[in-house]
Amino acid sequence: MRRIGYKVIDTIVEHLTDMEDLKIHAQKSPQYLNEKLGGTIPNKGQNPLHLIDQAKQEVFANILHVDHPRFYAFIPSPGNFMGVMADTLAKGFNVFNGHWLAGSGSAAIERITVDWLKDICRFPKKGGGLFLSGGSMANLSAIATARKIKLKDEGKRGVVYYSNQTHSSLAKGLKVLGIGEKYRRPLPTDQDLRIDIKALEKAIKRDLKRGLRPFCIVGNAGTTNAGAVDPLEKMAKIAEKYNCWLHIDGAYGAAAMLTKTGRKALKGIEMGDSLTLDPHKWWFQPMEMGCLLVKDANHLKTTFQVSAEYLEDTKAKGLEEINYYDHGIQLTRSFRALKLYLSLKTFGLKAFKKAIQKGMDMADYTEKLLRKEADWKIITPAQLGILNFIYAPKGASRSAIDTYSKEIAEKVMHDGFAMITTTKIDDLTVLRMCPIHPGLMKSDIKETIKKLKQFAREVG
Ligand SMILES: Cc1ncc(COP(=O)(O)O)c(C=O)c1O
C-alpha cells in the first residue's frame with residue numbers, strides 16, 4: 001500500500017511542479033486511446049505500479065489542464081494540494097457522509113464549513129446548506145426547493161424567470177424537474193448584460209393575467225459569459241412583491257464576497273432565498289464540490305425528507321443531529337467538506353482573499369494592456385475576473401471578426417502555451433478570458449497577448 005501511495009503522491013507532485021512546461025491542451029484520437037487503454041478485462045491481475053505509469057502516460061497526458069495558471073478558458077479550476085490530500089483522506093476512510101449515525105465527525109465539519117460560507121455571504125444563522133457535486137446540482141436542488149416551498153405539491157403551472165445570460169445548467173435543471181419551455185422565461189438583458197428589470201416585472205404580470213403562477217426568479221451573481229451581476233436588490237423586491245422565491249447563481253462569482261470590490265459588485269446577494277456557490281471554481285478546491293445555501297434550513301428538509309423503515313435507526317433522538325440525506329437528493333454522500341475546511345485552515349482566510357483579489361486584478365491588467373492595442377477592442381470590461389474582447393483591425397466586418405475570434409482561439413489551443421475559448425456577446429463571437437489562477441504572473445499575461453497578436457497576424 002505504501003509503495004502505491006508514494007508513487008501516487010510523487011506522480012501528483014511531479015504534475016504540479018512541472019506544470020509550467022505542460023502543453024495545456026492535449027488530446028489523442030478515440031482510436032489511439034482505445035488501442036492503448038481498451039481490450040477485455042484481464043483475468044489475471046497486473047502490477048499496480050505499471051498501471052499507474054500507464055495512467056500517467058496515456059490518461060493524464062491527454063487531458064485539458066484546467067489547473068494550469070494560463071488556463072483562461074471557461075471557469076478555471078485551480079485546486080490546491082491540501083484540498084487534494086483532504087480528498088484522498090476522505091476516500092481513504094471511505095466516509096459515509098449521509099447521516100449523523102455514520103458520520104457525526106464529517107457532518108460536523110460540513111455544518112461548520114457551510115456556516116463559514118453562510119457568514120461570508122451574509123446568510124442568516126437559521127440558514128442551512130450542503131455540499132453537492134457542483135453548480136448544476138445546486139441549481140437543480142434550489143429550484144426543487146423553490147417549487148416545494150412556493151407551490152407546495154399542487155401546481156404544475158409555476159413559472160421561472162431568469163436572464164438570457166443565465167448558465168445553461170439552470171435550463172437543464174428545469175428540464176429534469178419537468179418544468180417545460182412553456183413555463184420558462186429567459187428574459188432580455190441591458191447593455192451591461194444584466195437582466196432587464198422592467199421586462200421581468202412585465203413578464204410576471206402577463207403570466208398572472210394568464211392564470212399562471214410565477215414562483216421563482218433566478219439572479220446571476222457573476223455570469224459565466226461576462227461576470228455580470230444582475231440587479232439583485234431590485235430582483236429581491238420583485239420577488240417579495242409577487243411571492244416568488246429568489247435563487248441566486250453565484251457558482252462562479254460568490255467567491256468575490258471575500259473582497260471589498262466583490263462585496264460592492266455583489267450587493268444584494270444576501271437577499272436570496274437560496275444561493276449556489278462552487279468551491280471547485282474560485283475557492284481553489286479540486287472537483288467535485290458545489291454548495292447550495294438556503295435562508296431557512298428547514299426548507300431543505302421540507303423538500304427532500306422521506307422516510308424508510310431501514311433508516312429509522314439513523315434518527316437519533318435528543319441529539320442535535322444532522323442527517324444530510326434529508327437535505328438533498330443523495331443518501332450515500334462523500335465527505336466533500338473536508339477539502340475546503342482543511343485548506344481554509346491551512347492557508348487562512350487572508351490568503352484566499354488575496355488570491356481572489358489577484359484574479360480580479362489580473363483581469364483588469366489584461367484589459368489595460370489590450371486597450372493600448374489599436375487593433376483590439378474590449379467588448380465587456382473586466383468584471384469579477386472575466387473579460388471579453390475581439391481582434392478588430394480597421395474595416396473588419398462582423399463576420400470577419402467572428403472568424404478571427406474562432407481561428408485565434410483555435411491557434412492558442414493548438415499552441416498549448418495558454419487556453420482561451422470563445423463565447424458570443426450580442427451574437428458576436430468574442431475571445432473570453434478568465435485569468436484567475438493565483439499562480440499567474442503579469443509576465444504570463446504579457447506573453448499571452450504577444451501570442452494573441454502573432455496569431456492575429458496569421459489569421460488577419
Ligand atoms: C454561473 C454558473 N452556474 C452554474 C455552473 C454549473 O456548474 P458545474 O459545472 O459545477 O455543474 C457554472 C459552470 O461553469 C457557472 O459558471
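Quick caveat, the model's predicted, so the values are computed rather than measured. (Residues numbered from 1 in each chain as written. Predicted model: local features only at pLDDT ≥ 70, side-chain atom pairs only at ≥ 80, totals over all residues. Heavy atoms only, no water.)

Considerations on the sheet that holds strand 10 (residues 421-425)
Link 1 in the chain: Strand order in the open sheet formed by four strands is 8-9-11-10, and the pairing between neighbours is antiparallel. The open sheet terminates on both sides in strands that have one partner only, identified here as strand 8 (376-383) and strand 10. Across the sheet, the mean angle separating the axes of adjacent strands is 35° when strand polarity is ignored.
Link 2 in the chain: When strand 10 meets strand 11 (residues 428-433), the two strands line up antiparallel, connected through five bridges. By the bridge assignment for strand 11, Thr423 is matched with Val430.
Link 3 in the chain: Of the strands in this sheet, strand 8, strand 9 (386-391) and strand 11 touch helix 14 (residues 349-371), which is tilted by about 160° from strand 8. (Pairing = 2+ DSSP bridges. Helix = DSSP H or I, 4+ residues; strand = E, 2+ residues; numbered from the N terminus. Axes fitted to C-alpha atoms, helices over the stretch in contact; angles between N-to-C directions. Contact = heavy atoms within 4.5 Å.)

A short note on the pattern of salt bridges
Note on pairing: side chains with opposite charge can pair once their charged atoms come close.
Link 1 in the chain: By the definition in use, this model includes 18 salt bridges.
Link 2 in the chain: Across the pair Arg210 and Asp207 runs a salt bridge whose closest N-O atoms are separated by 2.8 Å.
Link 3 in the chain: The salt bridge involving Lys450 is made with Glu447; its shortest N-O contact spans 4.0 Å. In this pair, Lys450 and Glu447 are both assigned in helix 16 (residues 442-459), three residues apart and thus about one turn of the helix distant.
Link 4 in the chain: The exposure class of Lys450 is exposed, given its relative accessible area of 54%.
Link 5 in the chain: Under the relative-accessibility criterion, Glu447 is labelled partly exposed at 30%. (Salt bridge = Lys/Arg side-chain N within 4 Å of Asp/Glu carboxyl O. Buried < 20%, exposed > 50% of the residue type's maximum accessible area, 1.4 Å probe, protein only.)

Section: the sheet that holds strand 4 (residues 213-220)
Link 1 in the chain: Reading across the sheet, the seven strands line up as 1-7-6-5-4-2-3 and stay open at both edges, with mixed pairing between neighbours. Each edge of the open sheet is held by one strand with a lone partner, namely strand 1 (128-132) and strand 3 (184-187). Each strand axis lies, on average, 20° off the axis of its neighbour in the sheet, ignoring direction.
Link 2 in the chain: In this sheet, strand 7 (residues 290-294) lies alongside strand 1 in antiparallel orientation, the contact comprising five bridges. Each bridged residue has a counterpart across the sheet, and for Gly128 the counterpart in strand 7 is Val294.

Remarks on helix 16
Link 1 in the chain: For helix 16, which comprises 18 residues, the first-to-last C-alpha distance of 26 Å matches the rise-based estimate of 26 Å (1.5 Å per residue) to within 8%.
Link 2 in the chain: All of the buried residues along helix 16 are Asp444, Ile445, Thr448, Ile449, Leu452, Phe455, Ala456 and Val459. For helix 16, the angular spread of buried residues about the axis comes to 135°, placing them on one side. Facing away from the buried side of helix 16, by more than 90 degrees, are the exposed residues Lys446, Lys450 and Arg457.
Link 3 in the chain: Where helix 16 is buried, its residues meet helix 14, strand 8, strand 9, helix 15 (398-415) and strand 11. (Expected span 1.5 Å × (residues − 1). Arc of directions from axis to C-beta.)

Quick word on the site of the ligand
Link 1 in the chain: Lining the immediate environment of the ligand, one finds 14 residues, of which Gly135, Ser136, Thr224, Asp249 and His280 sit closest.
Link 2 in the chain: The separation between an oxygen atom of the ligand and a polar side-chain atom of Ser136 is 2.6 Å.
Link 3 in the chain: Between the ligand and His280 there is a distance of 2.9 Å, counted from an oxygen atom to a side-chain nitrogen or oxygen.
Link 4 in the chain: Protein coverage of the free-state accessible area of the ligand, which is 390 Å², stands at 83%.
Link 5 in the chain: Residue assignment for the shell around the ligand shows that the elements contributing at least two residues are helix 6 (135-151) and helix 11 (279-282). (Near = heavy atom within 4 Å. Polar contact = N/O pair within 3.5 Å; in protein donor to acceptor, adjacent residues only side chain to side chain. Areas by Shrake-Rupley, 256 points an atom, 1.4 Å probe, with all protein chains shown as cover.)

Regarding the packing of helix 1 (residues 2-17) against helix 4 (residues 81-92)
Link 1 in the chain: Running from N to C, helix 1 and helix 4 point in directions that differ by 160°, and their axes come no closer than 12 Å. One way to sum up the angle between helix 1 and helix 4 is to call them roughly antiparallel. At the point where helix 1 passes helix 4, the crossing takes the right-handed sense. Residues Ile9, Ile12, Val13 and Leu16 of helix 1 lie in contact with helix 4, whose contacting residues are Phe81, Val84 and Met85.
Link 2 in the chain: Broken down by class, the residue content of the contact of helix 1 with helix 4 amounts to seven nonpolar, no polar and no charged. (Parallel < 35°, antiparallel > 145°, perpendicular 65-115°, else oblique. Left-handed = near helix turned anticlockwise from the far one by under 90°. Nonpolar A, V, L, I, M, F, W, Y, C, P; charged D, E, K, R; others polar.)

Regarding the nonpolar core
Link 1 in the chain: Ranked by size, the top nonpolar core spans 90 residues in total, and within it Leu117, Ile143, Ile217, Ile269, Trp282 and Leu293 carry the most contacts.
Link 2 in the chain: Split by domain, this core shows at least three residues from each of two domains, domain 2 (86-347) and domain 3 (350-459).
Link 3 in the chain: Not counting residues up to four positions away in its chain, the partners in contact with Ile269 are Cys121, Phe123, Ala221, Leu232, Ile248, Ala254, Met257 and Leu275. (Core = buried A, V, L, I, M, F, W, Y, C linked by side-chain atoms within 4.5 Å. Domains from an automatic or database assignment.)

Concerning the domain arrangement of the protein chain
Link 1 in the chain: If you check the domain split of the protein chain, you get domain 1 (2-66), domain 2 (86-347) and domain 3 (350-459).
Link 2 in the chain: Each of domain 1 and domain 3 has a C-alpha centre, and the two are 31 Å apart.
Link 3 in the chain: The interface is formed by five residues belonging to domain 1 together with seven residues belonging to domain 3.
Link 4 in the chain: Across the domain 1/domain 3 interface, buried area totals approximately 510 Å², and carbon plus sulfur atoms make up 61% of it.
Link 5 in the chain: When the area that domain 1 buries against domain 3 is broken down by residue, the three leading residues are Lys23, Ile24 and His25, summing to 76%.
Link 6 in the chain: Seen at the junction of domain 1 and domain 3, the total is zero salt bridges. (Buried area = accessible area lost by both parts, 1.4 Å probe.)

So, the pairing of strand 2 (residues 158-163)
Link 1 in the chain: Burial runs high along strand 2: six of the six residues are buried.
Link 2 in the chain: Across the two faces of strand 2 the burial is the same, with Gly158, Val160 and Tyr162 and Val159, Tyr161 and Ser163 all buried.
Link 3 in the chain: Examined bridge by bridge, strand 2 and strand 4 share four bridges and lie parallel to one another. Residue pairing in the sheet places Val159 in a bridge with Pro214 of strand 4.
Link 4 in the chain: As defined by bridge partners, strand 2 adjoins strand 3 across four bridges and the pair is classed as parallel. Bridge pairing links Tyr161 to Arg185 in strand 3.

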